[in-house]
Amino acid sequence: MDPRDQTALEMAEAARAWLGSLTPEQRSVAHDAAPADDERLDAERRRWFYTPTDHGGLTVHQQRPAQQRAAMRLVATGLSMAGYVTVVATMGLDNVLDRAEGFVTRFDRERGRDPGLFYLRVFGEPGGDAPWGWRFGGHHLSLNNLVVDGQLVATTPCFMGADPASAPLLGGAVNRPLARVEDLGRELVRSLAPDLAGRAILLGKAPSDFVTANRTTVSEGDQVIPLAGIFRGARLADDSEQAKLQAMSDAIDEAAGYTPEDHRTVEYTTVPKGLPGRDLDRSQRELLLVLLGTYFGRVPDSASPLADYDDAALDDVHFAWAGPTAPGLPHYYRLQGPRLLIEWDNTQRGANHAHSVWRDPEADFGLDVLARHRATRHGR
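The structure displayed is predicted, hence computed values, not measured ones. Per chain, residue numbering runs from 1 following the sequence as it is written. Where totals are concerned, whole chains, interfaces and linings use all residues; where local detail is concerned, this predicted model gives features only for residues with pLDDT of at least 70, and gives and counts side-chain atom pairs only at 80 or more. As a rule here, side-chain values come from all non-hydrogen atoms in the structure, and water together with hydrogens is ignored.

A. Fine view of the layout of surface pockets. Think of a 1 Å grid over just the protein atoms. A cavity is a set of points where a 1.4 Å probe fits yet cannot get out, a pocket is an open set with protein on both sides within 12 Å along at least five of seven lines, and lining residues have an atom within 4 Å of a point. Grid points are joined across faces, edges and corners, and a volume is the space filled by probe spheres set on the points. The computed volume of the largest pocket comes to approximately 520 Å³. Segments assigned H or I by DSSP are reported as helices when at least four residues long, segments assigned E as strands when at least two residues long, and all are numbered from the N terminus. Of all elements in the fold, only β6 (151-154) and α12 (367-378) reach the threshold of two or more residues within the lining of the largest pocket. Top element by residues in the lining of the largest pocket is α12. It accounts for three residues. Here the term charged refers only to Asp, Glu, Lys and Arg, the term nonpolar to Ala, Val, Leu, Ile, Met, Phe, Trp, Tyr, Cys and Pro, and the term polar to all other amino acids, Gly among them. Of the residues in the lining of the largest pocket, the class split is eleven nonpolar, three polar and seven charged. Within this model, the second largest pocket holds a volume of roughly 220 Å³. In this structure, the second largest pocket is lined by 19 residues; those nearest its centre are L227, M248, I252, Q348 and H353. When residues of the lining of the second largest pocket are traced back to their parent elements, those giving at least two are α7 (239-256) and α11 (348-351). Broken down by element, the residue count for the lining of the second largest pocket peaks at three residues, all from α7. Of the residues belonging to the lining of the second largest pocket, the class tally is nine nonpolar, six polar and four charged.

B. Geometry of unusual backbone geometry. Here the residue pair T156 and P157 is connected by a cis peptide bond, since its omega of 0° sits within 30 degrees of zero. By the element assignment, P157 lies in the loop between β6 and β7 (158-162). In this model, D163 is joined to P164 through a cis peptide bond whose omega is 0°. Here P164 lies in the loop between β7 and β8 (167-168). Residues other than glycine seldom take positive phi values, yet H140 does so here, at roughly 70°. The exposure class assigned to H140 is buried, which follows from its relative accessible area of 3%. Residue burial is assigned from relative accessible area. The probe radius is 1.4 Å, only protein chains are included, and a residue is buried under 20% of its type maximum, exposed over 50%, and partly exposed in between.

C. Local environment of the environment of G56. Tracing the sequence through the fold places G56 in the loop between β1 (31-32) and β2 (58-59). Overall, the relative accessible area of 6% leaves G56 in the buried class. Between the C-alpha atom of G56 and that of F118, which follows or precedes it by 62 residues, the distance is 9.1 Å. The contact criterion used is simple: two residues touch if any of their non-hydrogen atoms lie within 4.5 Å. Residues contacting G56, with those up to four places away along its chain left out, are E44, Y119, R121, R135 and R232.

D. Layout of the nonpolar core. Here, the term nonpolar core denotes a set of buried Ala, Val, Leu, Ile, Met, Phe, Trp, Tyr and Cys residues that are joined through side-chain atoms within 4.5 Å. Ranked by size, the top nonpolar core spans 65 residues in total, and within it W18, W134, F136, Y295, Y333 and L335 carry the most contacts. For L335, the residues in contact, after removing those within four places along its chain, are L288, L291, L292, V317, H318, F319, L340, L341 and I342. Core analysis: the next-biggest nonpolar cluster, separate from the first, contains 21 residues, F159, V211, V218 and A256 among them.

E. Fine view of the environment of D94. Mapped onto the secondary structure, D94 falls in helix α4 (residues 81-100). Between the alpha carbons of D94 and G116 there is a distance of 9.3 Å; along the sequence they are 22 residues apart. Filtering out sequence-adjacent residues up to four positions away, D94 remains in contact with R113, D114, P115 and H139. Side-chain atoms alone can form a polar contact between residues adjacent in sequence; in general such a contact is a pair of N or O atoms within 3.5 Å, and within protein one must be able to donate a hydrogen while the other accepts it. At 3.2 Å, the side chain of D94 forms a polar contact with the backbone nitrogen of D114.

F. Structural context of the pattern of salt bridges. For salt bridges, the criterion is a side-chain nitrogen of Lys or Arg within 4 Å of an Asp or Glu carboxyl oxygen. Under the counting rule described, the total for this entry stands at 30 salt bridges. Two residues, D238 and R106, come together in a salt bridge whose shortest N-O distance is 3.0 Å. Residue D238 is found in the loop between β10 (201-203) and α7, and its partner R106 is found in the loop between α4 and β3 (119-123); the two are separated by 132 residues along the sequence. Here R106 falls in the partly exposed class, since its relative accessible area comes to 31%. With its nearest N and O atoms 3.5 Å apart, the salt bridge here joins E241 to R106. One end of the pair, E241, is in helix α7; the other, R106, is in the loop between α4 and β3, with 135 residues separating them in the sequence. Note on E241: relative accessible area 6%, which makes it buried. Bridged by salt links that share partners, the residues D32, E44, R121, R135 and R232 form one connected network.

Next comes the structure, spelled out in structure tokens:
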């Protein structure tokens, strides 16, 4: 059996088991319409967040322990072991963040930093040839998977973050779930000769967040969206909590100190910014490949495109950086090439709040495959 078929089969078995364990009331929240290539019919599946807001679906809190385990079994089918460990570590970080903030953050819910508010939803009927998919998300996590004709065809957008990005452990050790994702990018930019660094570094200061944010599709000219704009709904129901969120959002943007010209310098463009892989030497190209692996290695080997990145493919991957290159300072990087967009930022909370996302600008959520499937099956 094709490995991608096997992964899809495992997903379908886990999804059916989870849905089968739910009460009708739970299932009404956990199960949604089948994926579609019509944006109007598929709008909810294509909504995603990485902030502590309602991601849509059944939360951990709303499930019994056996149901929670079944849910995590489904989540695990879409991840490598390293990816799964990173996901569950990220879920637990909300407890650490809650302490760091003094156990007072609330937003529009009883507890603002809550490891139980991670949401799982299945779209369509798992198994068979009809398209189906699932989404798992919560604060600093968003996993999006699509299966068509019994094969896993899309795993993007794939977002993982960490807040705090670095926290102490006993004996002087440090907990850094995304350490290699950060450190390899910095190692690459610091390895560049001055003339190459001048082409790779777009700006000496970093944006307040990654540029394309949680947009359903990425487009020419996309710029940073302020934090307050990355929540479900226009505003929080509680006016005082909305005011706190807006103040936090404004403070983040003010700390970045970006002018309109700065935003234009780092905005997303379909023509990649930065330095192409073809201009890197052998050791730098090896670094670039390992860095790509910190994103592609989140999913099972059967779904990872890493093997496709031979020398010719690496030639077309552009590397761009914004901000200082010294450790501990706010910074941002982007990797961009055909069917590839990766963004990283660690800028907030004194560069101790990290975001990382892997996207396919042409076919996030499997839109290309859905369109072909519909054309083949319905003669359109």
